[in-house]
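Residue strings, one per chain:
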Amino acid sequence: RQEMDHLIDLYLCLKEISNEPAVSVPHHASFPSFAENQSLEMVIYDLETTIPPTDIIEFGAIVINKKSFVEQDHYTTLLFSDKITKKSIECSGITPEMVKDSPKFEDVADRIYEILHGKIWVGHNIITFDNRHIIAQFQKIGRDPPQPTGIIDTLPLFRSTFGKRAGDLKLASLGQYFGLGEERHRALDDCRMNLDVLLRLSATLYLESHVSAITGDPKKETPKPTKSTKDTPVGENPFTIAKSKKKEEPKPKATKSTKPASKSTSATSDHPTSNGDAPSDEEVVPAKKTRGRPKKTAAPTTEAPESPKPKTSGNLPEIPIPDVAPPEIVEKLSSAMKTESQIWISYNGAGNPRVPRAIVPKFWIKPAVLFKAVCRQSRILKTFYATKILEIQDEDWELPKEVQLQLEKEQDEKSTE
């Protein structure tokens, strides 16, 4: 029965909409980006309507500074309507008695126009609901509607960035998720709750994106320096510098000088390093002057020993990472963000860069460098470096059969080891 009631409500809403004249509603694409927008004020507004939504019965708005997010002005009013139904009362709690002495829309149109016009409009689901109804009301009374300088609809914004962590992403669910209490379904209260949710969600996403870059991984222990770093060049890692300068330190004299150097080297090979590489320079017994022909020693080098490189399947050569992604990759990523479409990438940050992965790019963190995307395999919003993308495709990407067989063979060898 509850589902039937919803269907009846939907039918009545569609019937009412079909009888109304077409409304031209501004959309995101017609405005500059948030950073480029010259307007210094944003207005978060909300409407309460009758059900079916024929009349606006309450308007509420708060004006905030674009940089400080401090409330500068607010306005709210009930509006007269003789079409308040039982469903309307259940939703908003606004009764016919509450609005019987309230002004009509045309009586307060000047104030509503003043608070909305020339500002960035912000609201939850305003593109498909609030914007449409506010413009239609101005058209009904024969007046030009207010014009925004930008639109931020927090419903699709939260859906694309925050995912389903807060359930259905209704304002009531978000309020409960962030501990802001229950939604009252009153215009001004909903505006202030929307602002609180926006600030908390933005802080959450910012910390998730950047705090690991500042604090590092707490599970990984910081290596201890093996030498004083007072002579370390500016901008270089003191630990790697100390490692590279070990060759300049005097080596201890060998205890058994009568053995050939080659045997000393082979003796140390019985104790390989933890990563399976050849022993370091400290394990090679240095040459010592003896009678007769000089013994062969390890050839001195001027460069630091190479640190173990991450294993890549198929002995792929090391791929340099550019500072900025190529224009064609940036263009395809930006296009996918606008259409919220899936693309396939070959990524240099994975275990095997040749294996393509499907992602849905969401937004840039740092243009042409860092972006957020939903990984189709894990269905988690992750951070990707555009500079590590080797190749990008719009259609399904399947590996050649011979490459698949080679990868399976390498996987078997790895599991055997």
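The residue numbering used here restarts from 1 in each chain and proceeds along that chain's sequence as written. Totals for whole chains, interfaces and linings use all residues, but because this is a predicted model, local features are given only for residues with pLDDT of at least 70 and pairs of side-chain atoms are given and counted only at 80 or more. The side-chain numbers reported here are obtained from all heavy atoms of the structure, hydrogens and water having been left aside.

K.L.:
Lay out empty space enclosed by the protein with the relevant residues and their values.
P.N.:
Where empty space is left in the structure can be found by rolling a water-sized probe over the atoms. In this analysis, the protein atoms alone were mapped onto a 1 Å grid. Cavities are point sets where a 1.4 Å probe fits without being able to get out; pockets are open sets with protein on both sides within 12 Å along at least five of seven lines; lining residues have an atom within 4 Å of a point. Grid points are joined across faces, edges and corners, and a volume is the space filled by probe spheres set on the points. Here the structure, examined in full by the defined rule, presents 2 cavities of 30 Å³ or more. Each pocket or cavity is described by its volume, and for the second largest cavity that value is around 60 Å³. Lining the second largest cavity we find 10 residues, and of these P53, T54, H133, Q137 and K140 sit closest to its centre. For helices the rule is a DSSP run of H or I covering at least 4 residues; for strands it is a run of E covering at least 2, with both sets numbered from the N terminus onward. Looking at the lining of the second largest cavity, the element that brings in the most residues is helix 5 (residues 126-140), giving 4 residues. Taken together, the residues of the lining of the second largest cavity sort by class into 3 nonpolar, 4 polar and 3 charged. Following the grouping adopted for this structure description, the nonpolar residues are Ala, Val, Leu, Ile, Met, Phe, Trp, Tyr, Cys and Pro, the charged ones are Asp, Glu, Lys and Arg, and the polar ones are all others, Gly among them.

K.L.:
Requested: an account of the side chain of S92, with residues and values cited.
P.N.:
Within the secondary structure, S92 sits in helix 2 (residues 86-92). We define a polar contact as two N or O atoms separated by no more than 3.5 Å, with the added condition that, inside protein, one atom must be a possible hydrogen donor and the other a possible acceptor, whereas residues neighbouring each other in sequence contribute only through side-chain atom pairs. There is a polar contact of 3.3 Å between the side chain of S92 and the backbone nitrogen of I94.

K.L.:
An account of the pairing of strand 2 (residues 56-65) is needed here, citing residue identities and associated values.
P.N.:
Residues in a regular strand project their side chains so that they alternate between the two faces of the sheet. Burial runs high along strand 2: 10 of the 10 residues are buried. Two elements, strand 1 (residues 41-49) and strand 2, share 9 bridges in a ladder whose sense is antiparallel. Bridge pairing in strand 2 places E41 opposite N65. In short, DSSP must find at least two bridges between two strands for them to pair. Pairing between strand 2 and strand 3 (residues 71-78): 7 bridges, direction antiparallel. Of the residues in strand 3, the one forming a bridge with G60 is T76. The antiparallel pairing of strand 2 with strand 3 creates a hairpin that spans 5 residues between the two strands, and F69 there sits at a positive phi of about 60 degrees. Throughout this description, buried means an accessible area under 20% of the type-specific maximum (1.4 Å probe, protein chains only), exposed means over 50%, and partly exposed covers the range between.

K.L.:
Talk me through the nonpolar core; I want residue IDs and the actual numbers.
P.N.:
Throughout, nonpolar core names a set of buried Ala, Val, Leu, Ile, Met, Phe, Trp, Tyr and Cys residues whose side chains join them through atoms within 4.5 Å. Core analysis: the largest hydrophobic core is formed by 22 residues, its most contacted members being Y45, F59, F105, I112, L116 and I134. For this core, the elements supplying multiple residues, two or more each, are strand 1, strand 2, helix 4 (105-116) and helix 5. For this core, the element with the most residues is helix 4, which contributes 6 residues. Of all hydrophobic cores here, the second largest spans 17 residues; its members include A325, A368, A373 and I389.

K.L.:
Lay out helix 5 in plain terms, naming residues and giving numbers.
P.N.:
What is called the bend at a residue is the angle between a pair of axes, fitted to the seven residues leading up to and ending at it and to the seven starting from it. In helix 5, a bend of some 25 degrees at R132 exceeds every other bend along the element. In terms of burial, helix 5 is a largely internal element, 11 of the 15 residues being buried. Every buried residue of helix 5 is accounted for by I126, I127, D130, N131, R132, H133, I134, I135, A136, Q137 and F138. Looking at the residues trailing helix 5, positive phi occurs at G142, about 75 degrees.

K.L.:
Talk me through the sheet that holds strand 4 (residues 120-123); I want residue IDs and the actual numbers.
P.N.:
Spatial ordering of the open sheet is given by 3-2-1-4-5, a layout of 5 strands whose pairing is mixed. The sheet is open, and its two borders are formed by strand 3 and strand 5 (150-153), each paired with just one other strand. Strand-to-strand twist of the sheet, defined as the mean angle between neighbouring strand axes without regard to direction, takes the value 20 degrees. A contact between two residues is defined here by any heavy atoms of the two lying within 4.5 Å. The axes used here are C-alpha line fits, helices contributing only the stretch in contact, and every angle between their N-to-C directions lies in the interval 0 to 180 degrees. Strands strand 1, strand 2, strand 4 and strand 5 of the sheet are contacted by helix 5, whose axis makes an angle of about 80 degrees with strand 1. Contacts from helix 6 (residues 154-162) reach strand 4 and strand 5 within the one sheet, and its direction differs from that of strand 5 by about 55 degrees.

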